[in-house]
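Read off the chains here:
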Amino acid sequence: MDIRPILSALLRNRAGAFLVALQIAITLALIVNAVYLTTQRVTKIGRPSGIDDQNIFAFWVTTYEKDYDFLGMLREDMAMIRQMPDVIDAAPMGQVPLSGSGNSSGYYSLPDKKGEESPANTYETDDHGARALGVTLSAGRDFEPNDVVYKQTESRERFYPASAIISSGLAKALFKDQPALGKDFYDDQSHPIRVIGVISHMQGSWVGWDKVDRTLLYTRVEPPSTQYVIRVKPGSIDRVIAAVEVALRKRDPNRVLETPMRKMSDMKRRSYAGDSLMAVTLTTVTTLVLVFSALGIFGLATFNVNSRTRQIGTRRAVGARKLDIVKYFLAENWLVTSAGVIVGCAMALAAGYWLSTQYQLPRLDLYYLVGGVLGLWALGQLAAWQPALRAAKVSPAMATRNV
Amino acid sequence: MLAYYLRLALASFRRNPGLTALMVIAIALGISVCMITLTTYRAAAKNPAGDRSGVLFAASIDSWDPDHAYDEGETDPDTGKPLAPNMLTYRDARALFASDIPDRKLIMYQSNDIYTRADKGMEPQYFRTRMTTADFFAMFEVPFLYGGPWNARADAGPDPVIVLSKEANQKAFGGVNSVGRIIHWEKRDFRVIGVLDSWEPMPKYFDVSNGAFEEMEGAYVPFSWGQVLELGSHGNTNCWKTEVIDSYQSFLNSECIWFHGWFELRTAAKQQAFREFLDNYVLEQKKHGRFPRPLNNYLYDVDGWLKRNKVVDDDNKAMLVLAFAFLAVCLVNTVGLLLAKFLNAAPTAGIRRALGASRRDIFWQHLTESGAVALAGGMVGGLLGLAGVWALRAWYGRFVDQALRALPFDANNFLIIIAIAVGAGLVAGLYPAWRIGRAAPASYLKVQ
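Residues numbered from 1 in each chain as written. Chains lettered and ligands numbered in written order. Predicted model: local features only at pLDDT ≥ 70, side-chain atom pairs only at ≥ 80, totals over all residues.

Draft legend 1. Expanded view of the overall build of chain A. When helices and strands are tallied, chain A shows eleven helices and 13 strands. A compact globule built from 403 residues would reach a C-alpha radius of gyration of about 22 Å, whereas chain A, at 33 Å, exceeds it by more than 25%. Dimensions of chain A, computed from the C-alpha atoms along their principal axes, are close to 105 × 50 × 30 Å. In chain A, 83% of the contacts between residues at least 6 apart in sequence involve partners at least 24 apart. (Helix = DSSP H or I, 4+ residues; strand = E, 2+ residues; numbered from the N terminus. Rg over C-alpha atoms; globule rule 2.2 N^0.38 Å. Contact = placed C-beta atoms within 7 Å.)

Dropping the structure here:
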C-alpha cells in the first residue's frame, strides 16, 4: 500500500494530526511509568508478612502505680486470656510487627563489631510470642518458660538477651548460606546471643524499610507497660476483642487498657495506606488517560472522514474497494500513532529516569515500554475502526454530488 | 457582542452535543485530578508558622558517629553537604539553652504518656506529654482557652504545674475551666495552670521526628520534670556510640539524641551570632573529645526545617507531576476536538466572513465558544475535585497520615480551580480560533 497519498492528506490537516500524536506521546510516557510504579506498589502490598496478620489484635496495658504487682497482673491476665474460647495464644510484646512502631539494633556475626553487620527489628516477648504471632519455625525450637527473664521493677539497664529466635532474613544477612541454628551473633558491645530457632519468614514494623524481613524475638518481661498480642481463630476476632475487654476490666480495673483495641489487619492497612493510595490514583489516571486518547483518535478520524466524503466517493467511483478505504484510514491512523509513539518512547524514558532518581527505584523496565507501544497501536486501530467503516460506506455517487 | 457570541456558541453546542460534552468532561477530569493532588500537596507543603517562619530556628549540630554520617546518603537541600542529626543530646540541649543570644528559646522532648487520675474515683486517663521549657507557648503562638503558660522560674523549680490541651481537658474535667484543679501523676500533685484552645498546626513543624502529621500532645509539663521523674522519650531516640548505659543519669550523659531546641532570633545579627555560638560550642567540645565529625552545624528556619526533614514526600511530588501530565493530555485532546469542531463548521464561518465579519470577529467568536466550554468544564471539574477530596478524606483519612484529615475545603480553592480551567480552555482555544479566523471565505463558499 502506498503511503504517499496518506502523508499528503495528513499534511493538509497538520495541526489535527500533530495534536493526536502529541497526545499519544504524553499518554505513552504517562501510562508506562504509571503502570510500572503501580506494579511496584501492588507487589509491595501483596508481600506475605509471615505472620497470621488477619487474626491478631493488640493493645497497650499500662500500670501507673509504682508498687503495682505488674508480673502478677500479667500472669493472671495471660492465664485467663489463653483459656478463653477461640483464642489460639496470647503474649506480652513490647512492639508489634507491621504497626509502624518498633525498635531496631545493629548486630554482627563476630565480636568487636566484626564480620557481617545487619540491623534488625527486635521484639521483646515471652515463651508464647512466636505462637501468638503465628510465625513458622523452619529450624530449632520455640522458647521455653525458663528462657523468659522476669523483671520485678522497671530497670534502666540495657538488657542483653542470651538467646533469640531470628528470621531467615536476618540469618542470611549475618551467616550468608551457613545454617544459623546454634551459632552466636553479637550486639555492638560484643555480648553473644545464641540462635535457638529460625523463623522461615517474618516481617518487622516498618513496611517501607528495605530490611523489613530482618527480625528477632527474645524473651523478657518488665514493668510498667506492655502490649498484649492475641491471636484468634479465623472469623472470631470481633467477638474475642469484645470479650477480652470486658474480662480484663472485670478482673482488675486498676490499669489503663488501650481502647479501641487494634486489629493487626488495620495496622497493616494503615502502614500500606500511602502505597495503596498511590496505586489507586495511578490506576485511575491511567484508565482515564487511555479513554481520552481513544476519544482523541476517534475524534480526529471522524473529522477526517467527514471532511473527505467527496474524496472517498471519488476514490470509490474510480474503483477503490470498501476494504481499500478501511485500510487507508487505518494506515493513516497508524502513521499518526507511530509518530506519537516514537516521541513518547523518548519521553517515557526521560520520565522513568526522573522517577528512578526520585525513588531510588530500578530504571524503568523496557518490557513495560514495549507493552505500552503495542497497546497504544492496538488502541489507535480500535478507535479508528468505526470511523473507517463509516468511510467505507460512502457511496461512489457522492463523487458527483455537492456535499 | 459577547452576548451574541455566547448565543452562537450555544447554537454550536446544540449542533454537536456529544462532542461538546466530551470536551467539557475532558477539561473537568483534568482539572479535578489536578485539584485533588494540589490540595494534598498544599496540605503537606504548608508552613503553619506563617510570618514567624523566618525568626524561629531549629539547631542541628553534628554530634554523630565518626564513621557514618547521620542519614547517610542524604544531603542538606541548600548546601549539598551531609546532614547533621535533627535532634540533640541532653548535654548539648542544655548548653544551647544556656546561651543568652536568642530573644526566646526552648528545649523539649516528647515524653512517655502520663497515666493518671484527674480526681480520685475517676477512670485513669492517659495523655501524650511534651516536656518543654516555658517559651514554647509564646514562640509557637499557642492559644489559651483558660489560664496561661508557666514562666522561667517554674522551669527552674521545677514547679508542679501542667498545661492541658482542650481535648485532654475535655477528657479529664469535662471541658470546664480546670485552672487550679489537680492531676495526680507519679504520686505527685500537678496543678493545672492553663488549658489550650484548639491548636493543631499541620504539619506539626516544631517536632517532625515521629512523623509530620502526628497527633498533638494532651499535656505540657516543665522540662526539668523529665529529669526529676526520670522520664524517657516516647518519640525517637537514636544512638551511635558504644557506651555503657546503666542508669538514667548515664542515659542523659550519653551521645543518644532525643531533644529538640528552637531559638527565636529576630535580627540577622543575632542569627549570625548564634551560628558562631554553635560553631564555637562544638569546637570547644571537640577539645574534650566529643563531636568526632568535621564541623557541620545548621540553623534552620521553619521553611528550611520542613525541607530538611522531607515533610513533602516523594509520592506527593510524583502525583503532582502525574496530575499535570494528565491535565496536559486532556487539554491537547480538547485542542484537537475544538479544531475538528471549528473546521467542520468552517463553511458557516466562511458565510459570516463573506457577509462582512472581520477575521478578528471570527477569532473572538470562536474564542468565546472555547471559553464557554472551559467554564463549564471548570465548574464540573471543581465539583468533581471537591467530591474527590471528600472521598479521599472519607476512605483514607483513617489510615493515611493525618495530613488528609486536614485537607482544606475552601471556596477560594474552588474559584482558583475554575479560573485555571477557563485560562487553560482559552489557551486551548487560541490556535483553533486563530486557524478558523485565518481561513479564506471564498474556499468554503465555493464548495457550497
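Draft legend 2. Main features of the overall build of chain B. The helix and strand inventory of chain B stands at 15 helices and ten strands. Buried residues in chain B amount to 45% of all 448 residues. Once local pairs closer than 6 in sequence are excluded, the contacts in chain B between residues at least 24 apart make up 78%. (Buried ≥ 20, exposed ≤ 12 C-beta atoms within 10 Å, placed from the backbone.)

Draft legend 3. Highlighting the packing of helix 8 (residues 273-307) of chain A against helix 11 (residues 314-344) of chain B. Here helix 8 of chain A crosses helix 11 of chain B at 15°, and the two axes come no closer than 10 Å. With respect to their mutual orientation, helix 8 of chain A and helix 11 of chain B come out roughly parallel. Both helix 8 of chain A and helix 11 of chain B take part in a crossing whose hand is left-handed. A per-class count over the contact of helix 8 of chain A with helix 11 of chain B returns 16 nonpolar, nine polar and one charged. (Axes fitted to C-alpha atoms, helices over the stretch in contact; angles between N-to-C directions. Parallel < 35°, antiparallel > 145°, perpendicular 65-115°, else oblique. Left-handed = near helix turned anticlockwise from the far one by under 90°. Nonpolar A, V, L, I, M, F, W, Y, C, P; charged D, E, K, R; others polar.)

Draft legend 4. Here's a closer look at the interface of chain B and chain A. At the junction of the two partners, chain B supplies 41 residues and chain A supplies 41 residues. Elements with a minimum of two residues in the side of chain B that touches chain A: helix 2 (17-45), strand 2 (104-116), helix 8 (248-253), helix 11 and helix 14 (411-438) of chain B. Considering every element that reaches the side of chain B that touches chain A, the biggest residue donor is helix 11 of chain B, with 20 residues. Along the lines of polarity and charge, the residues of the side of chain B that touches chain A split into 29 nonpolar, six polar and six charged.

Draft legend 5. Quick look at unusual backbone geometry. With an omega dihedral of 0°, the bond running from P223(A) to P224(A) counts as a cis peptide bond. Relative to the assigned elements, P224(A) resides in the loop between strand 10 (215-221) and strand 11 (225-232). Looking along the chain, the bond that leaves G157(B) and enters P158(B) is cis, with omega of -10°. In this fold, P158(B) is placed in the loop between helix 5 (152-156) and strand 5 (161-164). Positive phi values are uncommon outside glycine, yet K176(A) reaches one of about 55°. Position of K176(A) among the secondary structure elements: in the loop between helix 5 (168-175) and strand 8 (184-186).

Draft legend 6. Expanded view of the confidence of the model for chain B. The predicted model of chain B averages 85 in pLDDT, with 92% of residues at 70 or higher. At the level of chain-chain contacts, confidence expressed as ipTM amounts to 0.78, with global pTM at 0.80. (pLDDT = per-residue confidence, 0-100.)

Draft legend 7. Here's a closer look at the domain arrangement of chain B. Here chain B is described as being made up of domain 1 (2-47 + 313-447) and domain 2 (62-296). Taking only C-alpha atoms, the centre of domain 1 of chain B and the centre of domain 2 of chain B are 50 Å apart. (Domains from an automatic or database assignment.)

Draft legend 8. Up close: the domain arrangement of chain A. Along its sequence, chain A is carved into domain 1 (4-46 + 274-400) and domain 2 (64-254). Each of domain 1 of chain A and domain 2 of chain A has a C-alpha centre, and these two points are 55 Å apart.

Draft legend 9. Up close: the packing of helix 3 (residues 70-82) of chain A against helix 6 (residues 237-251) of chain A. Residues and elements named next belong to chain A. Closest axis-to-axis distance for the helix 3/helix 6 pair is 11 Å, and the angle between their directions is 145°. Crossing handedness for the pair helix 3 and helix 6: right-handed. Across the interface between the two elements, E76, D77, M80 and I81 from helix 3 touch V244, A247, L248 and R251 from helix 6.

Draft legend 10. Expanded view of the pairing of strand 5 of chain B. Residue and element names in this part refer to chain B. With burial as the criterion, each face of strand 5 is covered, one bearing V161 and V163 and the other bearing I162 and L164. Examined bridge by bridge, strand 5 and strand 7 (residues 188-196) share four bridges and lie parallel to one another. Residue pairing for strand 7: V161 is matched across the bridge by R191. (Pairing = 2+ DSSP bridges.)

Draft legend 11. Broad picture of the environment of W240(B). Here W240(B) shows up in the loop between helix 7 (225-228) and helix 8. Among the residues examined, W240(B) registers 20 C-beta atoms within 10 Å and is labelled buried.

Draft legend 12. Geometry of helix 2 of chain B. Counted at 1.5 Å a residue, the expected span for helix 2 of chain B with its 29 residues is 42 Å, and the 41 Å between its end C-alpha atoms agrees. Judged by how many residues are buried, helix 2 of chain B sits mostly within the fold: 23 of 29 residues are covered. (Expected span 1.5 Å × (residues − 1).)

Draft legend 13. Highlighting the nonpolar core. Of all hydrophobic cores here, the largest spans 98 residues; its most connected members are L30(A), I27(B) and F326(B). Broken down by element, this core gets its largest block of residues, 18 residues, from helix 11 of chain B. Ranked by size, the runner-up nonpolar core spans 76 residues in total, among them A69(B), L106(B), F291(B) and L306(B). (Core = buried A, V, L, I, M, F, W, Y, C linked by C-beta atoms within 7 Å.)

Draft legend 14. Representation of the environment of L106(B) within the structure. All names here are of chain B. For L106, the position within the fold is in strand 2. Owing to 25 C-beta atoms within 10 Å, L106 belongs among the buried residues under this scheme. Discounting residues that sit within four places of it in the chain, L106 has contacts with T132, T133, D135, F136, M139 and W262.

Draft legend 15. Fine view of the environment of L265(B). All names here are of chain B. Tracing the backbone shows L265 in the loop between strand 9 (260-264) and helix 9 (268-287). Here the alpha-carbon distance between L265 and K105, two residues 160 residues apart in the chain, equals 8.9 Å. Those residues in contact with L265 that lie beyond four places of it in its chain are V55, F57, P102, D103, K270, Q271 and F274.

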